[in-house]
Amino acid sequence: MAKIINIPLRWVRLDNAAKIYPAARRKNWSNVFRQSVTICDEVDVKILKSALDVTVKRFPSIAARLRKGLFWYYLQQVEKAPEIRQEYSYPLTFMSNNEMRKCAFRVIAYKNRIAVEFFHSLTDGTGALIFLKTLTAEYLEQRYSITVPPEYGVLDRHEKPKKEELEDCFLRTAGPVRASRKDTTAWHLNSELQTDGFLHQTCFKLRSEELVEAAHRYNATVTEFITAVMMKALENLQTEKQPQRKKHKPIKVLIPVNLRALYSTETLRNFAMYTIPELDPRLGEYTFEEIVKLIHHKMGTEINQKYMSSVIAANVNDERNMAVRLIPLPLKNLVMKAIFDTVGEKKSCLSLSNLGVVKLPEIMKQYIKRMDFVLGVQAAAPYNCGMLSYGDTVYINFIRNIRYAELERHFFYVLRDLGLNTEVESNRN
Amino acid sequence: MYCINCGVRLADTEKKCPLCETVVYHPDIIRGEGEPLYPENRMPQRRPKSKAFHGVVIFLFLIPLIIGFLIDIRTNGDLTWFGFLAGALLLSYVTVALPWWFEKPNPVIFVPCDFAAAILYLLFINLHTGGDWFMPLAFPVMGALALIVTTVITLLRYLKKGRLYIFGGALMALGGLTVLIEFLLKVTFGLKMVGWSFYPLVALVLLGGALIYLAINSAAREMMGRKLFF
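Residues numbered from 1 in each chain as written. Chains lettered and ligands numbered in written order. Predicted model: local features only at pLDDT ≥ 70, side-chain atom pairs only at ≥ 80, totals over all residues.

Chemist: Got a minute to help me understand the packing of helix α7 (residues 222–241) of chain A against helix α9 (residues 288–302) of chain A in this structure?
Modeler: Working note: a packed helix pair is described by the angle between its axes plus the distance between those axes. Residue and element names in this part refer to chain A. Between α7 and α9, the least distance of the axes is 9 Å, while the angle of their chain directions is 125°. It follows that α7 is oblique to α9 by the angle criterion. Pair α7 / α9 crosses with right-handed handedness. Between α7 and α9, the contacting residues are E224, F225, T227, A228, M231 and K232 on the first element and F288, I291, V292, I295, H296 and M299 on the second. The residue makeup of the contact of α7 with α9, split by class, is eight nonpolar, two polar and two charged. (Axes fitted to C-alpha atoms, helices over the stretch in contact; angles between N-to-C directions. Helix = DSSP H or I, 4+ residues; strand = E, 2+ residues; numbered from the N terminus. Parallel < 35°, antiparallel > 145°, perpendicular 65-115°, else oblique. Left-handed = near helix turned anticlockwise from the far one by under 90°. Contact = placed C-beta atoms within 7 Å. Nonpolar A, V, L, I, M, F, W, Y, C, P; charged D, E, K, R; others polar.)

Chemist: Explain the sheet that holds strand β4 (residues 73–77) of chain A here, please?
Modeler: Strand-to-strand pairing in sheets goes through backbone hydrogen bonds, with the strands running parallel or antiparallel. Residue and element names in this part refer to chain A. Taken together, three strands build an open sheet; the order of strands is β1-β4-β3 and the sheet is antiparallel. Only two strands of the sheet have a single partner each, and these edge strands are β1 (11–13) and β3 (64–68). The mean angle between the axes of side-by-side strands here comes to 30°, regardless of whether they run parallel or antiparallel. Across three bridges, the pairing between β1 and β4 is antiparallel. When the bridges of β4 are listed, R13 appears paired with Y74. (Pairing = 2+ DSSP bridges.)

Chemist: Mind showing me how you'd approach the interface of chain A and chain B here?
Modeler: A common measure of how large an interface is: the accessible area buried when the components associate. Taken together, the contact pairs 23 residues of chain A with 22 residues of chain B. Among the elements of the structure, β8 (200–207), α14 (406–417) and β16 (423–426) of chain A are those that each provide at least two residues to the side of chain A that touches chain B. As paired elements, β16 of chain A and strand β1 (residues 9–10) of chain B share two bridges and run parallel to each other. The partner of E423 of chain A across the bridge, within β1 of chain B, is R9 of chain B.

Chemist: Which parts of the structure should I look at to understand the packing of α7 of chain A against α14 of chain A?
Modeler: Residue and element names in this part refer to chain A. Look at α7 against α14: their axes get within 8 Å of each other, and the N-to-C directions meet at 120°. The orientation of α7 with respect to α14, classified from their angle, is oblique. Read as a crossing pair, α7 and α14 show a hand that is right-handed. Side by side, α7 and α14 meet where V229, M230, K232, A233, L234, N236 and L237 of the first sit next to E406, L407, H410, F411, V414 and L415 of the second. The residue makeup of the contact of α7 with α14, split by class, is nine nonpolar, two polar and two charged.

Chemist: Quick question: what am I supposed to make of the environment of N76 of chain B here?
Modeler: Residues and elements named next belong to chain B. As for its placement among the helices and strands, N76 is situated in helix α1 (residues 51–76). Taking the number of C-beta atoms within 10 Å as the measure of exposure, N76 has 11 and is therefore exposed. Sequence separation of N76 and A116 is 40 residues, and the distance between their C-alpha atoms is 31 Å. (Buried ≥ 20, exposed ≤ 12 C-beta atoms within 10 Å, placed from the backbone.)

Chemist: Is there a simple way to explain the nonpolar core in this structure?
Modeler: Generally speaking, nonpolar side chains in soluble globular proteins are found buried as a group. If you look at the biggest cluster of nonpolar residues, it comprises 127 residues, and the most contacted ones within it are V116, F119, V229, M230 and C385 of chain A. With ten residues, α7 of chain A is the largest single contributor of residues to this core. Ranked by size, the runner-up nonpolar core spans eight residues in total, among them A170, L174, L177 and L211 of chain B. (Core = buried A, V, L, I, M, F, W, Y, C linked by C-beta atoms within 7 Å.)

Chemist: Sorry, what's going on with the domain arrangement of chain A here?
Modeler: All names here are of chain A. Domains assigned within chain A are domain 1 (11–164) and domain 2 (200–358 + 375–426). Computed from C-alpha coordinates alone, the two centres of domain 1 and domain 2 are separated by 24 Å. Contacts between domain 1 and domain 2 engage 33 residues on the former and 31 residues on the latter. Residue assignment for the side of domain 1 that touches domain 2 shows that the elements contributing at least two residues are α1 (20–24), β2 (32–39) and α4 (125–144). At five residues, the largest contribution of residues to the side of domain 1 that touches domain 2 is made by α4. Tallied by class, the residues present in the side of domain 1 that touches domain 2 amount to 18 nonpolar, eight polar and seven charged. (Domains from an automatic or database assignment.)

Spelled out as structure tokens, the structure:
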């Protein structure tokens, strides 16, 4: 059994981005996402629990439960790691208030896979990936008696958490000027809902080399290229649903932007903003090249410190307002939920979150076959999409709460027309 | 293996194409045994609604019932007005609290039930006060109202389009109901038919007609949307 360090339990305020998520929850929807790692052997649940016991002490802001104060929610470090949960037939099952009060993340073992599902108030995709890598490293150390060096996002489980890892960086990085929040309403697909709560996961697997080559042909990054494929698929789907072009609504894809590189920080809290490329199909049919160019310039204009600081300022200033701070939590929840419902979810058709190339210490690579990133569906829209690249494969995971794979089908057609080979698998058999 | 319909390459675990639902089958190709992404048929248990919550609601309804019973007995030595209170509480319970017992209460069932409860309550008041207004007035008016509301709710629930037609038709039917009310008031209480009901009838028919016109004419609908957006 590995040594577990003892430190007093901590509590932290929710960071600026995390504040909206508890208020926006509803009966059938909680903002949860999943990251998983598939290893070479069947997971030993006892060893995984032991590895988790060690790991949670290193991540006081992630291994936490959601508590209520009089004016704000806060996170309190859990006393002990949660039990390893069994897998169900679909990912991201509803996380109830009761569950979040006990622990706002889950660790799930199924055959060769270790999956962790996080409530989004705990951390963002990058923070979650560091947690998963560290948990996996500890598991591999205990299971195969190897030593994994603390590098490539694997943290040393036996050192104390660093102060900068717990920092709410939004407060520090807010700029002097607020960016405008005015935005157009995006097209949302209406289709027959899955009534039993089942979520369909569809994974597209592409060869990294082939995808990078295709992206470079269009002078684009992989994120820009896949976003263009997604927007083209959405445009085609909207045309299929509504043949009259003048009745079309804007196609918008929300791309989360990891701000850690922009502001040089090691925080494990939420520290991501977003950019939303948009095309207006009423203006005419866009070629793929035009869409790539549009996304490329949008991202080039917005992903820089100055612009991001102004977007952060717009959010942070509200939080700093004394009148807002003094409103009791139940009232704040009502207002924030109303804002989220009327503004937040209407900005985009879906989110496309790319964690990029996942790098691991050399010794871990031989044990790890695959990694996945799955976002939960939006509260009022049926789709979301998470992707990452591991080894020589890119894994693009769609999640949906409607019956038919309409968007996935169009996404595949666009990839096929671009000459890209893809393999598809799903959780519906 | 590739899908014979859409052409996507399928993982070995797929029994149907995840994109177009075409069944995967080829008699000459033996497929490898792949690991499915998730276990089959293992769904999370949905937590049933808390019975304690319903217990508390029933208790909240019982408090005024018991207090009313005791006050009526103590002050009058008999049950005089308690029946009205009990009926009102029962009606409130049926309309407000009863649907909460169900996972997904269907308004197409509950709305007629609510009207039936209201009609029974009116019948009780009529019998208790020795009135003779129930059959000639209350029953037909409540019955007609129940028919209009239930029809609107059923159409809204099961038809995805045509809301302007539904609301337009409902407004016209409500206009007709006002005429029926004036007529039944004359029959029941011998009131003079002065024709007040024609004013709401005209207003409601015009309003309903306008909605149906908007439903038919897309240019007018767009213009109204432009003028009235908020």
